[in-house]
Amino acid sequence: KCPPRARAPGARARALTALASSSSSSSSSPIPQTASAMLASASSSLIALASSSSSSYTGRLSMSLLLPIEQRRSDFTQTEAIDYPESDTRILQTAVDCANVLLQNLGCDTAEASLKRLSEDGGAIVFAPVGAKSKVPGAQRIAVAVLPNADDLPALKRYAENDQWGTKTKPMILVTPQWNPGGEGYNVVSDFGFGPWRAANEKFVDSFSLAYALVERRIGAASTLDATGDNMGRGGVARLVFEGSASNEPWSVWAMGGDGSSALIGTLASSGAGNNKPPPYAEIEQLFRDAGTAASLRTRRSGQARSLEDKLEAKVGESGSVADWSLMSTAEVAAALRAGTVTSGDVASWNKDVCRKACDALDLSSAGKVEALRERIVAAMEKETSEAKK
């Protein structure tokens, strides 16, 4: 169940338009280039919200994340969909991996974490006790529900009502909910039911405040060229970032390039009363129109920009370490291999998915059991090391 691309409800005046490249100085934080960077930003926003004495933090929070799945599994900055979508099982496992990293960032002891499915065809929830280095004031345990849908609402309500989840001592975080609330920009019929049942479900969902969001919207004919070779309607792919807790906190809107680059083209006010819903489609589209050709995908399809792999290689070389291998894209794994920071011990801890990414980066066959792939990778690394010494 992939994160929906539906447009959010609400309409109000555009707050600000200002074209600026992602490398230039700006009050907005740089857009995440990797899943790990996204989760680090999400954790920081949540910690700031929970630690603020002036916020309305109650222990119920939500996040909308771009999971590192499908095309983003190869390169997190890629926006063109792959031909064959991944299975729901693989997507859910990736969401659970993200939940574990998020819990680690919050100072939880994930070695003692437990996982439960919310419903047969729904999402999952991860429970973890906080560790000695907890970063969420007052929290004793934290629960993260990933990809919950409308069928999961009864289970979530039971956790909240019977076990007191969603309080400051036992915070509950909803990550990338899959339900359709109905209304403008969504299907006409809400997943929340009718009459008093819908009102009760909406009240429960609205009790969760948005702490962080990184979402993607396709504007206009994002991949269609007109007779002049430019993109029809000057549309494109936008990624929107929300990092605040105040109802008037703006969303930063970034135009994504086919080469992985991005440009900040403006900020838009949140929609909805107090729940910080994303700006509507029409306002994002207007930002692209105001930005003109500078925001067109054509201007960033020349291939002149450094690849994400090159940028990551320099970054990995500086840090000297890589963490959270399960969430690394193929570009990140390749960058780490090129930087020479991968050890045989790292390879021994890799699952089959990471090994296949490394095989792609090293131009090796990815067939066989995971043990064979690890041996193949280590042999290739040792060969490169010996050749470099000659």
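The notes below deal with the structure included here. Note that the structure is a prediction, hence the values are computed from the model and not measured. (Residues numbered from 1 in each chain as written. Predicted model: local features only at pLDDT ≥ 70, side-chain atom pairs only at ≥ 80, totals over all residues. Heavy atoms only, no water.)

**Considering the side chain of Asp-152**
Step number 1: Take Asp-152: it is sitting in the loop between β5 (141–146) and α4 (153–162).
Step number 2: It is Arg-117 that comes nearest to the buried, bridge-free Asp-152 among opposite-charge side chains, at 7.0 Å.
Step number 3: Not counting residues within four places of it along the chain, the set of residues in contact with Asp-152 comprises Leu-118, Ser-119, Gly-122, Gly-123 and Leu-147. (Helix = DSSP H or I, 4+ residues; strand = E, 2+ residues; numbered from the N terminus. Buried < 20%, exposed > 50% of the residue type's maximum accessible area, 1.4 Å probe, protein only. Lys, Arg positive; Asp, Glu negative; His and termini not counted. Salt bridge = Lys/Arg side-chain N within 4 Å of Asp/Glu carboxyl O. Contact = heavy atoms within 4.5 Å.)

**Re the pattern of salt bridges**
Step number 1: Applying the stated criterion across every chain yields a total of nine salt bridges.
Step number 2: One salt bridge in this structure joins Arg-73 and Glu-86, with 2.8 Å as the shortest N-O distance. Of this pair, Arg-73 sits in helix α2 (residues 71–74) while Glu-86 sits in the loop between α2 and α3 (88–105), and the two are 13 residues apart along the sequence. In terms of burial, Arg-73 and Glu-86 fall into one category: buried.
Step number 3: In this structure, Arg-198 and Glu-202 form a salt bridge, with 2.8 Å as the shortest nitrogen-oxygen distance. Placement of the pair is Arg-198 and Glu-202 together in helix α5 (residues 195–206), with a separation of four residues, close to one helical turn.

**Quick notes on a negative patch on the surface**
Step number 1: A surface patch of negative charge is lined by Asp-88, Glu-120, Asp-121, Asp-151 and Asp-191.
Step number 2: Among the secondary structure elements, Asp-151 is positioned in the loop between β5 and α4.
Step number 3: Take Asp-151: its relative accessible area is 60%, and that puts it in the exposed class. (Patch = residues over 30% accessible without salt bridge, like charges linked within 9 Å, V, L, I, M, F, W, Y side chains within 5 Å. Areas by Shrake-Rupley, 256 points an atom, 1.4 Å probe, with all protein chains shown as cover. Charge placed at Lys NZ, Arg CZ, Asp CG, Glu CD.)

**Here we look at helix α11 (residues 370–389)**
Step number 1: Over its 20 residues, α11 extends 29 Å from the first C-alpha to the last, a length consistent with the 28 Å expected when each residue adds 1.5 Å.
Step number 2: Turning to α11, its buried residues are Val-370, Leu-373, Ile-377, Val-378, Ala-380 and Met-381. Each buried residue of α11 lies within a common arc of 160° when the element is viewed along its axis, so the set occupies one face. Exposed and oriented more than 90 degrees from the buried face of α11 are Glu-375, Glu-382, Lys-383 and Lys-389.
Step number 3: Buried residues along α11 sit in contact with α8 (330–339), α9 (344–348) and α10 (352–362). (Expected span 1.5 Å × (residues − 1). Arc of directions from axis to C-beta.)

**Digging into the pairing of β5**
Step number 1: A large share of β5 lies buried, amounting to five of its six residues.
Step number 2: In terms of strand pairing, strand β4 (residues 124–129) meets β5 through six bridges, oriented antiparallel. Bridge pairing links Val-126 to Val-144 in β5.
Step number 3: Two strands pair when backbone bridges link them, and β5 and strand β6 (residues 172–175) are joined in this way by four bridges, in the parallel orientation. Bridge pairing in β6 places Val-146 opposite Val-175.
Step number 4: Between β5 and its parallel partner β6, the chain crosses via α4, and the hand of that crossover is right-handed. (Pairing = 2+ DSSP bridges. Right-handed = clockwise from strand over helix to strand, strands pointing away.)

**A short note on the packing of α8 against α10**
Step number 1: For the pair α8 and α10, interaxial distance at closest approach is 9 Å and the crossing angle is 65°. Like other packed secondary-structure pairs, α8 and α10 cross with a definite hand, here right-handed. Residues Thr-330, Val-333, Ala-334 and Leu-337 of α8 touch α10, and the partners they reach there are Val-354, Lys-357, Ala-358, Asp-360, Ala-361 and Leu-362.
Step number 2: Partitioned by chemical class, the residues of the contact of α8 with α10 number seven nonpolar, one polar and two charged. (Axes fitted to C-alpha atoms, helices over the stretch in contact; angles between N-to-C directions. Left-handed = near helix turned anticlockwise from the far one by under 90°. Nonpolar A, V, L, I, M, F, W, Y, C, P; charged D, E, K, R; others polar.)

**Quick word on the environment of Phe-204**
Step number 1: Structurally, the position occupied by Phe-204 is in helix α5.
Step number 2: Residue Phe-204 is classed as buried on the basis of its relative accessible area, which comes to 9%.
Step number 3: Between the C-alpha atom of Phe-204 and that of Lys-157, which follows or precedes it by 47 residues, the distance is 7.8 Å.

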